[in-house]
Amino acid sequence: MMTASEARQFMNTYRKNYIGGQLKAINSKISMAIQDGYDHVCLDMAIDKDIENTMKNLGYDIEKGIQYNNPYTIIKWW
C-alpha cells in the first residue's frame, strides 16, 4: 500500500502531466485557428481552473458556459 505522501506525489505528477498535455492540445487548436484567420477558438468542453489561470496569465480571454447541458470554452486572443 502506498503512503499518503506517495499518493500526493503521484497525484501531483499526474496533474502536472495532464495540464501540460491539455495546454499542448489547446496550443495546437489555437495555431490551427490562427492559420484559418480566426481570433478565437471554441472548445466543446470545460477546462480545468489551473489551465484557465495559465491561459489568462498568458493574456488570453476565457469565456465559459453551458448550452444544452454541454460545457464549452471560448479562448480569445484579440
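Refer to the structure above for everything that follows.
None of these values were measured; they are calculated from a predicted model.

Participant: Explanation requested: the side chain of Asp-48 in the structure shown.
Facilitator: Counting through the fold element by element, Asp-48 comes out in the loop between β1 (40-43) and α2 (49-57). Of note is the side chain of Asp-48, whose polar atom sits 2.8 Å from the side chain of Arg-15. A polar contact is formed between the side chain of Asp-48 and the backbone nitrogen of Asp-50, at a distance of 2.8 Å. When neighbours within four sequence positions are excluded, Asp-48 is seen to be in contact with Arg-15 and Ile-19.

Participant: Honestly, the nonpolar core in this entry has me stumped. Any pointers?
Facilitator: The nonpolar side chains of soluble globular proteins are, as a tendency, buried together. Core analysis: the largest hydrophobic core is formed by 12 residues, namely Ile-19, Ile-26, Ile-30, Ala-33, Val-41, Leu-43, Ile-47, Ile-51, Met-55, Tyr-60, Ile-62 and Ile-75. Secondary-structure elements contributing two or more residues to this core are α1 (4-35), β1 and α2. It is α1 that provides the largest number of residues to this core, a total of four residues. Residue contacts for Tyr-60: discarding those within four places in its chain leaves Ile-30, Met-55, Ile-75, Lys-76 and Trp-77.

Rules behind the numbers
Residues numbered from 1 in each chain as written. Predicted model: local features only at pLDDT ≥ 70, side-chain atom pairs only at ≥ 80, totals over all residues. Heavy atoms only, no water. Helix = DSSP H or I, 4+ residues; strand = E, 2+ residues; numbered from the N terminus. Polar contact = N/O pair within 3.5 Å; in protein donor to acceptor, adjacent residues only side chain to side chain. Contact = heavy atoms within 4.5 Å. Core = buried A, V, L, I, M, F, W, Y, C linked by side-chain atoms within 4.5 Å. Buried < 20%, exposed > 50% of the residue type's maximum accessible area, 1.4 Å probe, protein only.

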